[in-house]
Structures are given as structure tokens and as C-alpha cells.
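Chain by chain, the residues:
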Amino acid sequence: MLNRQLGLEKQRIQAMLGEPYRITAVGDRDGEIRVRKPQHEYWLSTASHMGAGKDGADTIALPCRRLDSICAEVGIKGPAFIKLDVEGAELDVLKGAEATLRETCGLLIECPVRQAGGPQFIDIYGYLAERDFSLFDMVRLSHRGSDATLYQFYAVFIANRFDFRGKNPLRSSTQQAE
């Protein structure tokens, strides 16, 4: 039933866009992944700490692709800007995007502050810093209603080769030295 439904949705979107369209999970490998059936379609996650990769009555199999494979297949060339909101699988998606990251100028990533069992902001920050990206900004800070604790935000990362902060002609020489 789900595969039939996905097939119909894919046809509808392709007809609107006039371009090839793929319905796939994105992660750190090509193949198939088992994921837990989500309570809501937007909450599906390929992250192992969210139950992906395990068999069970509450799981479904989906195709899984690395971002590098998808970009190579459709011929996407950089510089690219990537937005990731993948329900805890951000680090897995980045690991499947090594070549794509070399052609990327910036990223907007939903980052958990403290997530039990999964990667934290500091893990994502460290991974991208090793690949010559710098944190540029933090936006859409989300706080829990019960105690006002920060639990997630969007982090904006810029590839250092594209970082313009110190080279802005509208800044004074003192500001540019900062």
C-alpha cells in the first residue's frame, strides 16, 4: 500500500516539475534501510538512535541513497547550498556527502542541543570544522514551553573559502582586522 502511494505521489510531483524526482531516504550509504513507521510522515528518520536499521513489525524498508550519489546521478554541480532537517540523521547525511561538501558554499542544519543517544550540535560542528566550514550564525532557536530550555536551532555554516566576513568593502580597516 505504501509503495503504491509513494509511486502515485512521485508521478504527481514529476508531472508538476517536469524533472526526475526521487523518493528516497538519505544517509551514509546506498542501498536499503529499515526505518520505524513514524507517527507522522514528517518524523521519519534514518538515524540508528531513532530505531532505523532494525527489523520488526513496526518497521518499513525504504531505498536509501548518499547525497553524493544523488548529486552525481542528476549532475548537480557546486557551489551548492544545503538545508538539512532530517530528524536526527544530520551527521549520517553529511557522512554520505563528502564530495558534495567540497562543492558546497554553505549549509543550514537543524541541530539538536541535547538529544539522547544521537549526535549533538557539537558533533556536527566538529565534523564540518574538519572539512573547513565555520559556524556563521544560529537562527530559529526553539525552547521547550515547560521550562524554556533550548532544545534545537538551525545552524548556518559557511565554507571558509567563501567566508566574506573579513573582506567586506563596507567595513572600516579596524572592523576588517577584527
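Residues numbered from 1 in each chain as written. Predicted model: local features only at pLDDT ≥ 70, side-chain atom pairs only at ≥ 80, totals over all residues. Heavy atoms only, no water.

Attention shifts here to the overall build of the chain. Scanning the chain for helices and strands turns up six helices and seven strands. Ordered by position in the sequence, the α and β elements of the chain form the string α-β-β-β-α-β-α-α-β-α-β-β-α. The 178 residues of the chain split such that 31% are buried. Contacts in the chain between residues far apart in sequence, at least 24 positions, make up 64% of those at least 6 positions apart. Accessible area for the chain stands at about 11200 Å²; split by element, carbon and sulfur atoms hold 52% of it. (Helix = DSSP H or I, 4+ residues; strand = E, 2+ residues; numbered from the N terminus. Buried < 20%, exposed > 50% of the residue type's maximum accessible area, 1.4 Å probe, protein only. Contact = heavy atoms within 4.5 Å. Areas by Shrake-Rupley, 256 points an atom, 1.4 Å probe, with all protein chains shown as cover.)

Looking now at helix H5 (residues 121-129). Taken together, the buried positions of H5 are Phe 121, Ile 124, Tyr 127 and Leu 128. Angular distribution of buried residues about the axis of H5 spans 130°; they occupy a single face of the element. Against the buried residues of H5 lie helix H3 (90-95), helix H4 (98-102), strand E5 (104-112), strand E6 (133-143) and strand E7 (150-159). (Arc of directions from axis to C-beta.)

Attention shifts here to the sheet that holds E7. Strand order in the open sheet made by the four strands is E4-E5-E7-E6, with mixed pairing throughout. In this open sheet, the two edge strands, each paired with only one partner strand, are strand E4 (80-84) and E6. If you compare each strand with its neighbour and ignore which way they point, the axes differ by 15° on average. Where E4 and E5 come together, five bridges link them in parallel fashion. The partner of Ile 82 across the bridge, within E5, is Leu 107. Along the sheet face, H5 touches E5, E6 and E7 and points at about 165° away from the line of E5. (Pairing = 2+ DSSP bridges. Axes fitted to C-alpha atoms, helices over the stretch in contact; angles between N-to-C directions.)

Attention now goes to the nonpolar core. With 21 residues, the main nonpolar core has Leu 94, Leu 101, Leu 107, Ile 109, Ile 124, Leu 128 and Phe 157 as its most contacted residues. Every element with two or more residues in this core is listed here: helix H2 (67-74), E4, H3, E5, H5 and E7. Among residues more than four places away in sequence, those in contact with Ile 124 are Glu 90, Leu 91, Leu 94, Ile 109, Cys 111, Pro 112 and Phe 157. One finds Ile 33, Val 35, Leu 62 and Cys 64 within the second-largest nonpolar core, a separate group that totals six residues. (Core = buried A, V, L, I, M, F, W, Y, C linked by side-chain atoms within 4.5 Å.)

The next point concerns the sheet that holds strand E3 (residues 59-66). Here we have three strands laid out as an open sheet, ordered E1-E3-E2, and mixed in their pairing. Edge strands, defined here as strands with exactly one partner in the open sheet, are strand E1 (25-27) and strand E2 (31-36). Across the sheet, the mean angle separating the axes of adjacent strands is 50° when strand polarity is ignored. As paired elements, E1 and E3 share three bridges and run parallel to each other. Bridge assignment links Ala 25 to a residue of E3, and that residue is Cys 64. Contacting E1 and E3, H2 runs over the sheet at an angle of about 60° to E3.

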